[in-house]
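Descriptive structure summary
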Amino acid sequence: GALARRSRGMRSYSGQANSLSPGDLKIRIGVCAMDKKARSKPMKEIVQRITSFNEFEVFYFGDKVILEEAVENWPQCDCLLSWHSDGFPLDKSLEYVKLRRPFCVNDVTQAELLLDRRKVYRTLVENSIPVPTHIIVSRDNLPEGQTDPEGFLEDHDCVQLGGVRICKPFVEKPADGEDHNVHIYYPFSMGGGVKRLFRKVDDKSSQYDSNHPGTVRRDGSYIYEEFLPTGGTDVKVYTVGPRYAHAEARKSPVVDGKVQRSPDGKELRFPVLLSPQEKEIARMVTLAFGQKVCGFDLLRSDRGKAYVCDVNGWSFVKNSKKYYDDAAGILRSIILTALAPHWLNSMPMLLPSHVESPGGDGGGVGGIGGGDGDGFMVDDMEEMDGNPEEELRCVLAVIRHGDRTPKQKMKMKVQQPEFLSLFERYKDGKGMQAKLKTPQQLQDLLDATRTIQKQLPPKKGTVDQQEDELKDLRERLTIILTVLEEGGHFRGVNRKVQLKRMVPAAAKTTEPAPPLTSSTDARDSAPDGNASPPAPSVPCGGSGAPSLGGSVSSDAPAAEVLLVLKWGGRLTHAGREHAETLGTHFRAVMYPRYGPAGGGLLRLHSTYRHDLKIYSSDEGRVQTSAAAFTKGLLDLEGDSLTPILVSLVNKDASMLEAFGKGASDDMRQAKEVLYSQLTWDGSKSQGQALVSHLTSTPPSPAPWAASSSGQPPGSVPNDGREAASGQASPRRAPEEPAAAAEKLLAGLQMAGGDSSSLPGSPSAASAAAAAPPGPHIRNMPAKPLAILHEMVAQISELVDELHTRLRLIPPETDVGAGRGACAAGSDE
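Nothing here was measured: the structure is a model prediction, and the numbers come from that model.

Here is what the cut-offs are and how they apply
- Residues numbered from 1 in each chain as written.
- Predicted model: local features only at pLDDT ≥ 70, side-chain atom pairs only at ≥ 80, totals over all residues.
- Heavy atoms only, no water.
- Helix = DSSP H or I, 4+ residues; strand = E, 2+ residues; numbered from the N terminus.
- Buried < 20%, exposed > 50% of the residue type's maximum accessible area, 1.4 Å probe, protein only.
- Contact = heavy atoms within 4.5 Å.
- Arc of directions from axis to C-beta.
- Core = buried A, V, L, I, M, F, W, Y, C linked by side-chain atoms within 4.5 Å.
- Phe/Tyr/Trp six-rings, centres within 6.5 Å; stacked < 30°, edge-to-face > 60°.
- pLDDT = per-residue confidence, 0-100.

**Some thoughts on the environment of Val308**
Mapped onto the elements, Val308 comes out in strand S18 (residues 306–313). A relative accessible area of 0% places Val308 in the buried class.

**Here's the deal with the side chain of Gln623**
Among the structural elements, Gln623 can be located in helix H15 (residues 620–633). The class of Gln623 is buried, set by a relative accessible area of 3%. Leaving out residues up to four positions away in the same chain, Gln623 has contacts with Met190, Ser616, Ser617, Asp618, Leu645 and Lys651.

**Comments concerning helix H9 (residues 417–426)**
In an α-helix there are 3.6 residues to a turn, and that puts residues three or four apart on one side. Where H9 is concerned, the buried positions are Phe419, Leu420, Leu422, Phe423 and Tyr426. Mapping the buried residues of H9 onto a view down its axis gives an arc of 155°, with all of them on the same face. In this structure, the buried residues of H9 make contact with strand S19 (407–414), strand S20 (433–436), helix H10 (439–455), helix H11 (465–485), strand S21 (495–501) and strand S23 (561–568).

**Some thoughts on the nonpolar core**
Residues Leu81, Val105, Tyr323 and Ile335 are the most contacted members of the largest nonpolar core, which totals 35 residues. Contributing elements (two or more residues each) for this core: strand S1 (27–32), helix H3 (41–51), strand S3 (79–82), strand S14 (233–240) and helix H8 (321–339). Take this core: its biggest share by element is ten residues, from H8. Aside from chain neighbours lying at most four places away, what touches Ile335 is Ile27, Ile29, Phe56, Cys79, Phe103, Val105 and Ala340. Val235, Ala247, Leu274 and Leu299 belong to the second-largest nonpolar core, a separate cluster that totals 32 residues.

**Focus: the packing of aromatic side chains**
In the structure shown here, the tally under the stated rule is 15 aromatic pairs. Centre to centre, the rings of Trp83 and Trp314 are 4.3 Å apart; their planes meet at 5°, and the pair counts as stacked. With a gap of 231 residues between them, Trp83 in the loop between S3 and helix H5 (90–100) and Trp314 in the loop between S18 and H8 connect regions that are remote in the sequence. According to the relative accessible area criterion, Trp83 is buried, its value standing at 8%. We classify Trp314 as buried; its relative accessible area is 11%.

**Digging into the confidence of the model for the chain**
This prediction gives the chain a mean pLDDT of 74; 67% of its residues lie at or above 70. Overall, residues 509–545 carries pLDDT values under 50, and its contacts beyond four positions in sequence, including any with other chains, amount to 94 contacts. Counting contacts from residues 813–828, a segment whose pLDDT is below 50, to residues more than four positions away or on other chains yields 39 contacts.

Now the structure itself:
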């Protein structure tokens, strides 16, 4: 009879299509899983709905039977619901399927794939399902003493295997599918450190370690994949058959590790709609792994594509009655299609009184479970008062970075082989410049600078041109060392070095730009012969007048490069606090009527996290300001901004150039005019030229340059008394610091435009011929070069006296190194 028919599994109903009705016989569904999962709330909800159809009989195997009884003694069933969890004997389940041959909703033979992430990724790739770029590092059965497989390389900011290079930030996943200790490695340029992800413990799901050295684990096999920014959310997709998927978004653990929970303790989820591409991915995952009831993780990348990063097997949505109704109806159709297809024509004999017809709204791929009063799903916000047709569509905020330390820059022309070797090693594709930013690049520069400093000849007691140049070189090398050694490590985004090829004048195809002024020439033009005005670069070694730009082969070795060191400009503590406070203000005040007290944006439309985009330029202070603002806006926890910066802030270098390169020519011309007038020497009727960084030719002279007066109408006359002898005057004895400070203040006041306070001011008529050409610049003093020389001399004397008073260095020691160290240290 009936028992015999049940023992024959799927074939038991095929011959009874015309004789059986749903009321005559029930299909036996066996739930073979550990009790903790089999009797969970979602499973109970679905079983209750399935049994309400009066077509199925559901029973549980139980832990005692599964763990202790032989497979031959397990109860027989027509349909098997079985899945793996901690402690489940998968091999016994496979043996039972081979013995009894029940219809399996989820293919038990393929469940083993889900236990090894390496097999999961291979299956995804073989079925053309998009996955992040990754490498698989297997350390199984390695020879004794070997820790890495052949071809695996680890650098300070990347790992590589088989020609595939994964750069930080990257994700490190254990090969074991049951090991959830995932690490995220951040680049040193963004602060470094590691984010440790783990199964939720209370309200924590991850922890950031800023002191981690950044080296990968080698105690097992791992998968390394590129980190994809997803706007701070993870999308969980739950399928029931190949044509139905329910999607929810939750706060990603990579942001701050705090689990957002509702008042009743459940993790907050946000319902989301799946795109056509994502619906197809859900179908492909279900078919590839043979798991009709399946859950997987979807990464919605900022690139506009979706990627699968993990497949979990049997998974149900928690606390969504709509999903339970849909899942029960779809499971009924799946089981009846396989075992009793003729029953599909009949309506269920009994529907749950609290549900609608299964497969209604929300059915099909991309069906959405919504808020159902359980306090789990986030509902849409209440209807706003006023005009119901009005809707807030977008909020745009353009925000400047917070308070920063002073930006500093130093330029010097270098010919030393160590610097030239660095340029050749790191030059770009055009062969015109090399940017040094990474820890390894900066370490190479630091080593090269130390080598050059050791090779310098000892100091001499005499004063001549060569010794002056060596002294200047020592000062600048000291500044480089001080900046690079600051903090003891290359972590952060506040230092960078550029090496730009200097093209000899003979190799230029266009009209050569005026040569750089050497430190010796500038010193000779000074009144006391000891100080030089600020210059864009100072040559260190060699002669001639090479310049930037021009035409030269990128393969030709560089004979001279311009080294540009930039540091400082870091966000201060006050700047970070201001940015975070502004974000909190936006959250709590911008939309004060919605959400709990202080909730602000957290009560806006449930998809706001996918619509929230934060962009930043590639400057460190701007990125940090954006991350601090985001921390306040989204009420994130933790002290470090690195995970927020990597996960939520999109870098866009073009934001610094709103008009591209369209304004570069105008800016260059303005700089040349300003620099020429600031360094105007009335006795020589010429000013120092600012070397253009562009390859274009200098602008044509102004219309008044060829006039008899050589000056624009209304320009301020120059007194022509700025001539300086070629001989260096003896250095004056240091004055009292207070007196030197008073003189410096007087010089600054004179620079503000009060030319009448300068002694011996001539009449306008006698100085007209010595006035600088070009447009009239308001508040430009009559003797800017003399004022600059005097200010430099007074600052030097003040620094000398302060060093002597504070005993930082002996008075007879060269103060150049001290000045360089002070300049570099001012970024603290």
